[in-house]
Amino acid sequence: MSEIFNIGLGNNRPEIRKQSESDFVSFWDNQAKKLCWFSPWQKTLEWNPPFAKWFQGGSINASYNALDIHQETNSQKPAIIWEAESGESRILTYRDLWMEVQKFANALKSLGIKKGDRVTIYLPMVPELPIAMLACARIGATHTVVFSGFSSASLRERIEDSRSKLVITSDGGYRRGKIIKLKEIVDEAIQDFDFVKNVIVLERTKEPFQLTSKDKIWSELVQGALAECESERLDSLHPLYILYTSGTTGKPKGVLHGTGGYLAHLHSTFGWAFDIKDSDVFFCTADIGWVTGHSYVVYGPLLHGATEIIFEGAPDYPDASRMWEIIQKYKVTIFYTTPTALRMFMKFGNDIPRSFDLSSLRLLGTVGEPINPEVWRWYYTIIGKEKCPIIDTWWQTETGGMMISPLPGIETIPLKPGSGTRPIPGVKISVVDEEGRPVKPNTKGYLIIQNPWPGMLLTLWGDDEKYQKTYWSKYQNIYYSGDFAKIDEDGYFWLLGRADDVLKVAGHRIGTAEIESCIVSHQDIAESAVCGIPDDIKGEVIISFAVLKENVKKDWLILKHEIFEKIRKDIGPIATPKQIYFVSKLPKTRSGKIMRRLLKSIANNEKIGDTSTLEDGTAVSEVQSAFEELQKSINEKNS
Ligand code: WTA
């Protein structure tokens, strides 16, 4: 029997789930009516598997729903409270944000950006990032935000794939007191890309940078821009954004989200999960460069006219009290973060959070990776003082918004540490075996989604076939999430990590194939395999194995350094492995697939399980002894 927390807080509106059970299409039809549409849709759902068209024929605008609708009632309410890494802050009311977005939208127009164009945004966590996104949405340009921790090569790949006409960046960004020169990274990324017509540069650090003929300075552009910019009336299916995410192949996939369905999903889930009230101060720590930032920093809170904190920098910089200081300072009521951040805070000890007044908090959330029950309990007790429900929200870049979560805004169900409880209303999620048959309670299986849902991706940018193959081919016309899960005897869902070769390192999604292809592109490497192993703080860390080309006789420390540098340069620092082991052979199945399970066991110092499918039994012992040897030499070096 698992531990249960009965939390009385929240609303009890059982009719919502009831409505969803009778007919999910008319249920979502009603939910979507809560948004402001320029013209109504003719058809709620056209389901032509694997393509769903939600609210077809309706016209809507995301920026209008995030900003214009609040101007009469809430224009002076803070929309964004921005905390810079330096401690400097800035408050933008709904009126301020609306004005800035309109001016910037006109600036975009002045550079010839129009409906349907793609715009890459490579900015740090500054208010100009949501401003740029909302300005694109306003005129119907499709934004593609690239996390500012990604390298020049990654950025280049994304700009090229999306064929962005414009890149928006800043002279630099702050990270742990250091300046990262983003403009230089952009210059390198767009070399010889004639299709990139302009680069808008925000002067964030005021450090000098080289101006090219394509560059426009943000402040100058905005100064000359007209104040008013009407929102484009866009089709419900108009592509709002592309967000690149890692999958099982070497190349990141461009997840494409539409407008009407996505907004309806976010409006509903933000309200249901966070039980949002006018007086709330919402704080989601995600970087906007990832999907959580798109959905629950930019669109979700603004659709609801909420006040939110956006912060720049690292959660433990300048010190371990940074988050608690912000919560105390702004009387944050809802805090949404990752299990990795919580594990780190937990390690810093209880005295730090206890020395702050956290009494304003009323609801806590987590996202991005499984949360260990002991961390859940710590969050509940030390941060929430045993009075805040914890919502453990499961979802993906592809789902657009939350799919499994406790929903204090509509129902009070007992919580179990480590479980996301149940699917949201209006979606049908199940756990099945290899053949697609539902598994028995408490049995591990694959998490699948049986119905289309409004926030689902439209497709993968420019690759309908891959979209079909990746998500809809393992089980016909059923969405395959790539996650393992189980359902317990009470119908609660427990997420058990990825079933494929995608890693979640500190909550960041990284594909093993991306790292492997980077490692093998080093001139001395013949083959490589990458896997994740559990880590106390980051949830998972990257371990890599490499086979050297014949006759390579380089010092392995030098080689290791070169490879890690290459990964940082080609992908970004977040993809740096914790360790690399040089081996003479990789363990493979008879069909030639690398046995990651085996590598994981070796890296974890575990006993090796069934190896009957190994192509060459000797490889196991070889990898094992190579590992032991390396372990020995590491130990010797450290002693
Ligand atoms: C994992 C992040 C357990 C899962 C929003 C999923 C989770 C992947 C949870 C998507 C959770 C997300 N519990 N695992 N509450 N939330 N995941 O696209 O493996 O960056 O498939 O979206 O994160 O990662 P993505």
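Everything numeric here is computed off the predicted structure, so don't read it as measured data.

Conventions adopted
- Residues numbered from 1 in each chain as written.
- Predicted model: local features only at pLDDT ≥ 70, side-chain atom pairs only at ≥ 80, totals over all residues.
- Heavy atoms only, no water.
- Helix = DSSP H or I, 4+ residues; strand = E, 2+ residues; numbered from the N terminus.
- Rg over C-alpha atoms; globule rule 2.2 N^0.38 Å.
- Buried < 20%, exposed > 50% of the residue type's maximum accessible area, 1.4 Å probe, protein only.
- Contact = heavy atoms within 4.5 Å.
- Near = heavy atom within 4 Å.
- Polar contact = N/O pair within 3.5 Å; in protein donor to acceptor, adjacent residues only side chain to side chain.
- Areas by Shrake-Rupley, 256 points an atom, 1.4 Å probe, with all protein chains shown as cover.
- Nonpolar A, V, L, I, M, F, W, Y, C, P; charged D, E, K, R; others polar.
- Axes fitted to C-alpha atoms, helices over the stretch in contact; angles between N-to-C directions.
- Parallel < 35°, antiparallel > 145°, perpendicular 65-115°, else oblique.
- Left-handed = near helix turned anticlockwise from the far one by under 90°.
- Pairing = 2+ DSSP bridges.
- Salt bridge = Lys/Arg side-chain N within 4 Å of Asp/Glu carboxyl O.
- Phe/Tyr/Trp six-rings, centres within 6.5 Å; stacked < 30°, edge-to-face > 60°.
- Lys NZ or Arg CZ within 6 Å of the ring centre and 35° of its normal.
- Core = buried A, V, L, I, M, F, W, Y, C linked by side-chain atoms within 4.5 Å.
- Domains from an automatic or database assignment.
- Buried area = accessible area lost by both parts, 1.4 Å probe.

### Some words on the overall build of the protein
Then comes step 1: When helices and strands are tallied, the protein shows 20 helices and 30 strands.
Then comes step 2: The globule rule puts the C-alpha radius of gyration for 639 residues at 26 Å, and the 24 Å found for the protein is close to it.
Then comes step 3: Based on the C-alpha atoms only, the size of the protein along its principal axes is roughly 70 × 65 × 55 Å.
Then comes step 4: Within the protein, the fraction of its 639 residues that count as buried is 60%.
Then comes step 5: Here the analysis covers contacts within the protein between residues at least 6 apart in sequence; of these, 71% occur between residues at least 24 apart.

### A word on the site of the ligand
Then comes step 1: Thr397, Asp483, Arg498, Lys504 and Arg509 are the nearest of the 17 residues found near the ligand.
Then comes step 2: Between the ligand and Asp392 there is a distance of 2.7 Å, counted from a nitrogen atom to a side-chain nitrogen or oxygen.
Then comes step 3: The fraction of the free accessible surface of the ligand (530 Å²) that becomes covered by protein chains is 97%.
Then comes step 4: Put simply, the parts of the chain that give the shell around the ligand at least two residues each are helix H11 (291–303), strand E20 (390–393) and strand E25 (493–498).
Then comes step 5: In the shell around the ligand, the residues fall into six nonpolar, five polar and six charged.

### A word on the packing of helix H7 (residues 152–162) against helix H8 (residues 182–189)
Then comes step 1: Their axes nearest at 8 Å, the elements H7 and H8 cross at an angle of 55 degrees. Comparing the axis directions of H7 and H8 gives the class oblique. In the crossing of H7 with H8, the sense of the turn from one axis to the other is right-handed. Contact with H7, carried on its side by Ser152, Leu155, Arg156 and Ile159, involves Ile185, Val186, Glu188 and Ala189 of H8 and no other residues of that element.
Then comes step 2: Looking at the contact of H7 with H8 residue by residue, the classes come out as five nonpolar, one polar and two charged.

### Observations regarding the sheet that holds E20
Then comes step 1: Reading across from one edge, E5-E4-E17-E16-E18-E19-E20 is the order of the seven strands in this open sheet, with mixed pairing throughout. A strand with exactly one partner marks an edge of an open sheet, and here the two such strands are strand E5 (89–93) and E20. Along the sheet, successive strands turn relative to each other by an average axial angle of 20 degrees, direction set aside.
Then comes step 2: Pairing analysis gives four bridges linking strand E4 (residues 78–83) to strand E17 (residues 307–311), with the strands arranged parallel.

### Structural notes on the pattern of salt bridges
Then comes step 1: Counted according to the given criterion, the structure contains 40 salt bridges.
Then comes step 2: With a shortest N-O distance of 3.7 Å, Arg13 and Glu15 are connected by a salt bridge.
Then comes step 3: Classification of Arg13 by relative accessible area gives partly exposed; the value is 36%.
Then comes step 4: Judged by its relative accessible area of 38%, Glu15 is partly exposed.

### Things to note about the packing of helix H5 (residues 94–110) against helix H6 (residues 128–139)
Then comes step 1: One way to put it is that H5 packs onto H6 with a least axis distance of 8 Å and a crossing angle of 65 degrees. Where H5 crosses over H6, the two elements pack in a sense that is right-handed. On H6, the residues touching Leu97, Trp98, Glu100, Val101, Gln102, Phe104, Ala105, Leu108 and Lys109 of H5 are Ile131, Ala132, Leu134, Ala135, Cys136, Arg138 and Ile139.
Then comes step 2: Considering only residue class, the contact of H5 with H6 consists of 12 nonpolar, one polar and three charged.

### A look at the packing of aromatic side chains
Then comes step 1: This structure, assessed with the given rule, holds 39 aromatic pairs.
Then comes step 2: Here Phe51 and Tyr467 contribute two aromatic rings whose centre-to-centre distance is 5.3 Å and whose plane-to-plane angle is 35 degrees, an arrangement assigned as tilted. Here Phe51 is found in strand E2 (residues 51–56), whereas its partner Tyr467 is found in helix H16 (residues 464–472), with 416 residues between them in sequence.
Then comes step 3: Accessibility expressed as a relative area gives 30% for Phe51, which makes it partly exposed.
Then comes step 4: Here a set of aromatic residues connected by ring pairs shows up, and it is made of Trp47, Phe51, Trp453, Tyr467, Tyr471, Trp472 and Tyr479.
Then comes step 5: For Arg163, the ring lying beneath its charged end belongs to Phe195, and the centroid distance is 4.1 Å.

### Thoughts on helix H2 (residues 24–32)
Then comes step 1: By the burial criterion, the buried members of H2 are Phe24, Phe27, Trp28, Asp29, Gln31 and Ala32.
Then comes step 2: Considering only its buried residues, H2 is in contact with helix H1 (14–22), strand E1 (43–48), E2 and helix H10 (260–274).
Then comes step 3: In this structure Asp23 caps H2, since a side-chain oxygen of it lies 3.0 Å from the backbone nitrogen of Val25.

### Remarks on the pairing of strand E26 (residues 502–505)
Then comes step 1: With four bridges connecting them, E26 and strand E27 (residues 508–511) associate as antiparallel partners. Paired with Leu503 across the strands is Ile510, a residue of E27.
Then comes step 2: Counting the residues in the hairpin turn of E26 and E27 gives two residues, including Ala506, whose phi is positive at 55 degrees.

### Some words on the sheet that holds strand E21 (residues 429–432)
Then comes step 1: Strand order in the open sheet made by the four strands is E21-E22-E24-E25, with antiparallel pairing throughout. What marks the edges here is a single partner per strand, and that holds for E21 and E25. When strand polarity is set aside, the average angle formed by the axes of neighbouring strands in this sheet is 45 degrees.
Then comes step 2: One ladder, built from four bridges, connects strand E22 (residues 445–449) with strand E24 (residues 479–487); its direction is antiparallel. Within E24, the position partnered with Ile449 by the bridge is Tyr479.

### Here we look at the side chain of Ser75
Then comes step 1: With respect to the element layout, Ser75 can be found in the loop between helix H4 (71–74) and E4.
Then comes step 2: Here Ser75 falls in the buried class, since its relative accessible area comes to 11%.
Then comes step 3: Among all residues touching Ser75, those that are not within four sequence positions of it are His70, Thr93, Tyr94 and Arg95.

### Observations concerning the nonpolar core
One recurring pattern in soluble globular proteins: nonpolar side chains tend to sit buried together.
Then comes step 1: The biggest cluster of nonpolar side chains holds 110 residues, and the ones touching the most others in it are Phe104, Ile168, Phe274 and Tyr299.
Then comes step 2: A per-element tally of this core places H6 first, with nine residues.
Then comes step 3: Ignoring anything within four residues of it in the chain, the contact list for Phe274 reads Thr269, Phe282, Tyr296, Ile334, Tyr336, Arg362, Leu363, Ile391 and Met402.
Then comes step 4: Listed in part, the 37 residues of the second largest apolar core include Ile519, Val530, Leu559 and Ile574.

### Structural notes on the domain arrangement of the protein
Then comes step 1: Taken domain by domain, the protein consists of domain 1 (14–428 + 467–476) and domain 2 (501–638).
Then comes step 2: Listed per partner, the contact involves 26 residues of domain 1 and 23 residues of domain 2.
Then comes step 3: Between domain 1 and domain 2, the buried area comes to about 1,800 Å², and carbon and sulfur atoms account for 52% of it.
Then comes step 4: If you look at where domain 1 meets domain 2, you find two salt bridges.
Then comes step 5: A salt bridge links Arg509 to Glu398; its shortest N-O distance comes to 2.8 Å.
Then comes step 6: At the boundary of domain 1 and domain 2, one finds 13 residue pairs in polar contact (both at pLDDT 80 or more).
Then comes step 7: Counting residues per element, the ones that place at least two in the side of domain 1 that touches domain 2 are H7 and helix H13 (339–347).

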